[in-house]
Amino acid sequence: MHIIVTTKEELSDIINKTVGQQIKELKSSINKLAKPSKKNLTIKEVAIQLNVSELTVRNYITKGFIKAEKIGRRVIINAEALENSLSEVKSLKYRR
């Protein structure tokens, strides 16, 4: 067992450095979870995420509920655009 003698200021600096580093790491991990990096999803991944069939996702794209891009034969859906389209509430009352 070691006894370390420090001043109040030194102890405060040590604690701030240690806790500050842990807080920085925690903030960065929270930011990664809260704001995922720009990611593109396939129809299959979106279907799994929304718990619907792939055909339903294709119908949503056709109807314009979900924005998608076609690259060659692949259909790519931006994860951010998907979240935005899911958060929009469109009124069916005034839809013609």
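This section reports on the structure supplied with the text. Every chain is numbered on its own, with residues counted from 1 as its sequence reads. It should be noted that, the model being predicted, local features are given only for residues of pLDDT at least 70 and side-chain atom pairs only at 80 or more, the latter also being counted only at that level, while totals for whole chains, interfaces and linings use all residues. Water and hydrogen atoms were dropped before computing side-chain values, which therefore reflect all heavy atoms in the structure.

In this scheme, patches are assembled from residues that exceed 30% relative accessible area and form no salt bridge. Like charges are connected within 9 Å, while nonpolar side chains (Val, Leu, Ile, Met, Phe, Trp, Tyr) are connected within 5 Å. Only the protein chains shown count as cover for residues, and the accessible areas themselves come from Shrake-Rupley with a 1.4 Å probe. What counts as a salt bridge is simple: a side-chain nitrogen of Lys or Arg found within 4 Å of a carboxyl oxygen of Asp or Glu. Judged by side-chain polarity, L11, I15, V19 and I23 come together as a nonpolar surface patch covering roughly 330 Å² of accessible area. When a residue's accessible area, from a 1.4 Å probe over protein chains only, is under 20% of the maximum for its type it is buried; when over 50% it is exposed; and in between it is partly exposed. The exposure class assigned to L11 is partly exposed, which follows from its relative accessible area of 45%.

The geometry of a pair of packed helices is captured by two quantities: the angle between their axes and the separation between those axes. Following both chains from N to C, one finds helix α2 (residues 43–50) and helix α4 (residues 79–87) inclined at 40°, their axes separated by 12 Å at the closest point. When the axes of α2 and α4 are compared, the pair comes out oblique. Taken as a pair, α2 and α4 cross one another with a handedness that is right-handed. Contacts between α2 and α4 involve V46, Q49 and L50 from the former and L82, E83 and L86 from the latter. Class assignment of the residues belonging to the contact of α2 with α4 gives a composition of four nonpolar, one polar and one charged. Axes, fitted as lines to C-alpha atoms, cover a helix only where it is in contact. Angles between the N-to-C directions of the axes lie from 0 to 180 degrees. Segments assigned H or I by DSSP are reported as helices when at least four residues long, segments assigned E as strands when at least two residues long, and all are numbered from the N terminus. Roughly parallel here means an angle under 35 degrees, roughly antiparallel means over 145, roughly perpendicular means 65 to 115, and every remaining angle is called oblique. In this scheme the crossing of two helices becomes right-handed for a clockwise turn of the near helix relative to the far one and left-handed for an anticlockwise turn of less than a right angle. The contact criterion used throughout is that any non-hydrogen atoms of two residues lie within 4.5 Å. Three categories are distinguished: nonpolar for Ala, Val, Leu, Ile, Met, Phe, Trp, Tyr, Cys and Pro, charged for Asp, Glu, Lys and Arg, and polar for the others, with Gly belonging to the last.

Looking now at the packing of α2 against helix α3 (residues 54–63). Axis separation between α2 and α3 bottoms out at 8 Å; the angle between their running directions is 105°. By the angle between their directions, the pair α2 and α3 is classed as roughly perpendicular. Here I43, K44, V46 and A47 of α2 lie close against α3, whose contacting residues are E54, V57, R58 and I61. Residue classes in the contact of α2 with α3 are distributed as five nonpolar, no polar and three charged.

Quick look at the sheet that holds strand β3 (residues 74–78) now. Here we have three strands laid out as an open sheet, ordered β1-β3-β2, and antiparallel in their pairing. The outermost strands of the open sheet, each flanked by one partner alone, are β1 (40–41) and β2 (69–71). Two strands pair under a simple rule: DSSP has to find at least two bridges between them. Where β1 and β3 come together, two bridges link them in antiparallel fashion. If you follow N40 over to β3, its bridge partner there is N78.

In this section: the nonpolar core. To qualify as a nonpolar core, a set must consist of buried Ala, Val, Leu, Ile, Met, Phe, Trp, Tyr and Cys residues joined through side-chain atoms within 4.5 Å. Core analysis: the largest hydrophobic core is formed by nine residues, namely L41, I43, V46, A47, V57, I66, V75, I77 and L82. Going through the elements one at a time, α2 and β3 are the ones with two or more residues in this core. Element by element, the count of residues in this core is highest for α2, at three residues.

Here we come to the pairing of β3. Note that β2 and β3 share three bridges and pair antiparallel. Across the sheet, the residue bridging to I71 is R74, located in β3. The turn linking β2 back onto β3 is made up of two residues, and G72 within it adopts a positive phi angle of 65°.

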